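# Analysis of the macromolecular model
Each chain is listed here by its residues.
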Amino acid sequence: MTEEKKYIEKEGYSKTTHFGSNLTAHLMRIYHHDKQLDFKNRITKILTVQALALLLLPLVFIIVNDFTIEKSISQYANHIPMTFGFLMTLSGVVFCMDGLIFKKRKHNIYIGVALFMVILFRNTEFPFFHYVFAGIFFVGYLFNIVFFSSKEQRKIKIALVSGVASSGLLILYFTSIFWFEWFMLFPFVLNYLLELFDRVD
């Protein structure tokens with residue numbers, strides 16, 4: 001009997017068993033990888049739907065408020081508080097979930113928390129804190145787009161953010177805060193979806 005066979009018998013396993021255990025471990029890794037991928041795909045679909053729904057929030061507020069357009073989105077908290085609180089909370093959850101699930105975008109958590117604070121501090125009762133957190137949401141997200149981008153895309157994003165901010169200020173000057181806020185949601189959601197599908201970094 002060769003030394004190799006003696007070793008195999010002594011250890012109580014064969015080459016076939018060793019190969020089988022390696023194959024099993026490999027298949028288990030594939031299984032867990034597929035499960036993780038499936039989970040990520042499901043979450044991505046949910047976040048996509050929620051992000052697109054975010055664009056429709058102002059329209060929903062108008063409809064629920066008897067087709068009345070207020071001066072700002074925050075004003076709807078005084079007219080349709082339940083609808084406002086519920087939908088704005090869902091919006092905040094989108095950013096918090098994104099930051100908690102995708103670690104490279106954990107900076108989105110504070111954006112979601114800022115939305116929660118906007119809800120808690122009503123503009124008629126706590127105007128200072130309300131507008132501070134509203135500012136954190138809008139300015140903070142623009143900051144995230146630029147600061148957390150790659151060096152290759154940063155210059156392009158600075159130019160795009162500058163253009164978006166300038167356009168938003170023009171809309172604010174000629175219309176109202178409401179239209180400014182609704183306009184700003186479009187580039188926010190677009191960037192969010194591009195990041196979600198790894199089209200930008």
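Residues numbered from 1 in each chain as written. Predicted model: local features only at pLDDT ≥ 70, side-chain atom pairs only at ≥ 80, totals over all residues. Heavy atoms only, no water.

## Thoughts on the overall build of the protein chain
So the rule is basically this: Each helix is a run of H or I in the DSSP string that is no shorter than four residues. Each strand is a run of E no shorter than two, and both are numbered from the N terminus. For each residue, the accessible area found with a 1.4 Å probe, counting protein chains only, is set against the maximum for its type, and the residue is called buried under 20%, exposed over 50%, and partly exposed in between. Here, two residues are considered to be in contact whenever any of their heavy atoms come within 4.5 Å of each other. Residue burial considers only the protein chains on display, and all accessible areas are found by Shrake-Rupley using a 1.4 Å probe.
A count of helices and strands for the protein chain gives eight helices and zero strands. Secondary structure elements in the protein chain, listed N-terminal to C-terminal, are α-α-α-α-α-α-α-α. Per-residue burial over the protein chain gives 36% buried out of 201 residues. Across the protein chain, every contact between residues at least 6 apart in sequence was considered, and the portion connecting residues at least 24 apart equals 59%. Here the protein chain has roughly 12800 Å² of accessible surface; of this, 70% comes from carbon and sulfur atoms.

## Overview of the packing of aromatic side chains
The geometry of an aromatic ring pair is captured by the separation of the ring centres together with the interplanar angle, meaning the angle of the planes. Heads up, the condition is: Any two of the Phe, Tyr and Trp rings considered here, Trp counted by its six-membered ring, make a pair once their centres fall within 6.5 Å; the pair's planes then place it as stacked at under 30 degrees, edge-to-face at over 60, or tilted in between.
The full count for this structure, using the stated rule, is 21 aromatic pairs. Residues Phe61 and Phe84 carry aromatic rings whose centres are separated by 5.6 Å and whose planes lie at 35° to one another, so their mutual orientation is tilted. With Phe61 in helix α3 (residues 57-64) and Phe84 in helix α4 (residues 81-101), the pair connects residues that are 23 residues apart, well separated along the chain. Exposure class is identical for Phe61 and Phe84. Each is buried. Here Phe178 and Trp182 contribute two aromatic rings whose centre-to-centre distance is 5.8 Å and whose plane-to-plane angle is 70°, an arrangement assigned as edge-to-face. On the criterion of helical spacing, the pair formed by Phe178 and Trp182 is a turn pair, its members being four residues apart in helix α8 (residues 177-196). Take Phe178 and Trp182: they sit in the same class, and that class is buried.

## Regarding the nonpolar core
What counts is decided by this rule: We call a set of buried residues a nonpolar core when its members are Ala, Val, Leu, Ile, Met, Phe, Trp, Tyr or Cys and they connect through side-chain atoms within 4.5 Å of each other.
Residues Phe61, Phe95, Phe137 and Tyr192 are the most contacted members of the largest nonpolar core, which totals 39 residues. Put simply, the parts of the chain that give this core at least two residues each are α2 (15-54), α3, α4, α5 (108-120), α6 (127-147), α7 (151-174) and α8. With 10 residues, α8 is the single largest residue contributor to this core. Contact partners of Phe61, with chain neighbours within four places excluded, come to Ile73, Tyr76, Ile80, Thr83, Phe84, Leu87 and Met88.

## Some thoughts on the pattern of salt bridges
Condition: Take a side-chain nitrogen of Lys or Arg and a carboxyl oxygen of Asp or Glu: if they are within 4 Å of each other, that pair is a salt bridge.
Taken as a whole and assessed by the stated rule, the structure comprises two salt bridges. Salt-bridge contacts for Arg105 lead to Asp98; the nearest nitrogen and oxygen are separated by 2.9 Å. The pair Arg105 / Asp98 is uniform in exposure class, with both members buried. The partner of Asp198 in a salt bridge is Lys104, with the nearest N and O atoms 3.0 Å apart. On the criterion of sequence distance, the pair formed by Asp198 in the segment after α8 and Lys104 in the loop between α4 and α5 is long-range, its members being 94 residues apart.

## A look at α8
Stated formally: Between the first and last residue of a helix there are one fewer steps than residues, each counted as 1.5 Å, and that sum is the expected span.
For α8, built from 20 residues, the straight-helix expectation of 28 Å at 1.5 Å per residue is met to within 8% by its first-to-last C-alpha distance of 28 Å. Counted residue by residue, α8 has 14 buried out of 20 residues, so it is predominantly covered. Just past α8, the residue Asp198 takes up positive phi, approximately 55°.

## Here's the deal with a nonpolar patch on the surface
Selection rule: Like-charged residues within 9 Å of one another, or nonpolar side chains (Val, Leu, Ile, Met, Phe, Trp, Tyr) within 5 Å, are grouped into patches, provided each residue has over 30% relative accessible area and no salt bridge.
A contiguous nonpolar surface patch, about 860 Å² in accessible area, is contributed by Tyr110, Phe126, Phe128, Phe129, Val132, Ile136, Phe143, Phe147 and Phe148. Ranked by residues supplied to the nonpolar patch, first place goes to α6 with six residues. Relative to the assigned elements, Phe126 resides in the loop between α5 and α6. Looking at Phe126, the relative accessible area reads 37%, which means it is partly exposed.

## Looking at unusual backbone geometry
Phi is positive for Asp66, close to 55°, though the residue is something other than glycine. Position of Asp66 among the secondary structure elements: in the loop between α3 and α4. If you check the backbone angles, Phe67 has positive phi at about 60° while not being a glycine. Summarising the element assignment, Phe67 is placed in the loop between α3 and α4. Using a relative accessible area of 63% as the deciding quantity, one classes Phe67 as exposed.

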